[in-house]
Amino acid sequence: MVQATMVMAAEGLGKAFRQGEERIAALDGVSFGVERGTFTAVMGASGSGKTTLLNLLAGLLKPDAGRILLDGDDFSSLKDSERARLRRRRIGFVFQDYNLLPNLTLAENVRLPRLLDEAPEGAEGWLAEIVEFLGLGGRLKHLPSQLSGGERQRAAIARALAMKPEIVLADEPTGNLDLRGSTHVCELLRRLCRERGCTVLAVTHAPHVAIHADRVLMLGDGRLLADRPMSDFGDAEQLAIAYQRLLAPVAEGRP
Ligand SMILES: Nc1ncnc2c1ncn2[C@@H]1O[C@H](COP(=O)(O)OP(=O)(O)OP(=O)(O)O)[C@@H](O)[C@H]1O
Ligand SMILES: [Mg+2]
């Protein structure tokens, strides 16, 4: 039973990929709920299924098993066009590999979502504020190839926020940033939750990033190993120790 405060829920999610003869179970029986206005960190080793999970939650992939609920309604069984419309209206997605269009400037890239849908009220001022906050104000005319890796990453974050989404799904949004840059992005994500009631799920390998979240999900080999409030861990160091302990049996079980 999904509680009313749950904006998003996964029920028994499963997804496998076929590569030639081989079948890779990327996710297997993953269930959890996400409360509105909260920041959830998703941790797990490389290949544990984090990107697959985010793609499923955004409706970019369809599950083989289980379902995704958005405000209690089955999101995964909608028609492709309806799912895409809901996603564009409600979800901001930060891609792990940024997905910036190479022939468009940074300013054009971050405004791209507005070509498809009418911008919400105040979106122009809002986007200008986000771009400044992310330190991109001086790079607006640059093409992606003229930006540093960290600048590209921040541009991908700005674009995901362009339509004032109520849900933000971010795939390693700080993977290319130094400690100061990561902390700054975490501050932004926190502010979105606190000031706008946004719901954020962010994938990260880094305990110093995850510690900013309210809750942490830990994945190992496609299974949910932990779903705990961050208050269970005192600081980033304790979180790192718990994370390593949890992942060790999964890593040992590998060939
Ligand atoms: N399109 C695909 N075709 C075949 N296998 C895939 C595909 N996408 C993902 N996989 C496999 O599914 C598993 C989970 O991949 P996923 O990208 O979700 O991992 P991840 O946790 O995001 O890893 P990373 O931290 O490296 O980004 C991996 O074994 C991967 O090789
Ligand atoms: Mg990934």
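We now turn to the structure provided with this report.

Reading the values: the criteria
Residues numbered from 1 in each chain as written. Chains lettered and ligands numbered in written order. Predicted model: local features only at pLDDT ≥ 70, side-chain atom pairs only at ≥ 80, totals over all residues. Helix = DSSP H or I, 4+ residues; strand = E, 2+ residues; numbered from the N terminus. Buried ≥ 20, exposed ≤ 12 C-beta atoms within 10 Å, placed from the backbone. Pairing = 2+ DSSP bridges.

Among the secondary structure elements, R88 is positioned in helix 2 (residues 80-90). By C-beta crowding, R88 is classed as partly exposed, having 15 other C-beta atoms within 10 Å. Sequence-wise, R88 and P165 are 77 residues apart; in three dimensions their C-alpha atoms are separated by 8.4 Å.

This brings us to the environment of R90. Turning to its location among the elements, R90 is positioned in helix 2. Accessibility expressed as a C-beta count within 10 Å gives 17 for R90, which makes it partly exposed. For the pair R90 and K15, spaced 75 residues apart in the sequence, the C-alpha separation amounts to 23 Å.

A word on the pairing of strand 10 (residues 223-229). Note: strand 9 (residues 215-220) against strand 10, 6 bridges, orientation antiparallel. Residue pairing across strands places V216 opposite R228, the latter belonging to strand 10. Hairpin connection of strand 9 to strand 10: 2 residues between the antiparallel strands, including D221 at a positive phi of 50°.

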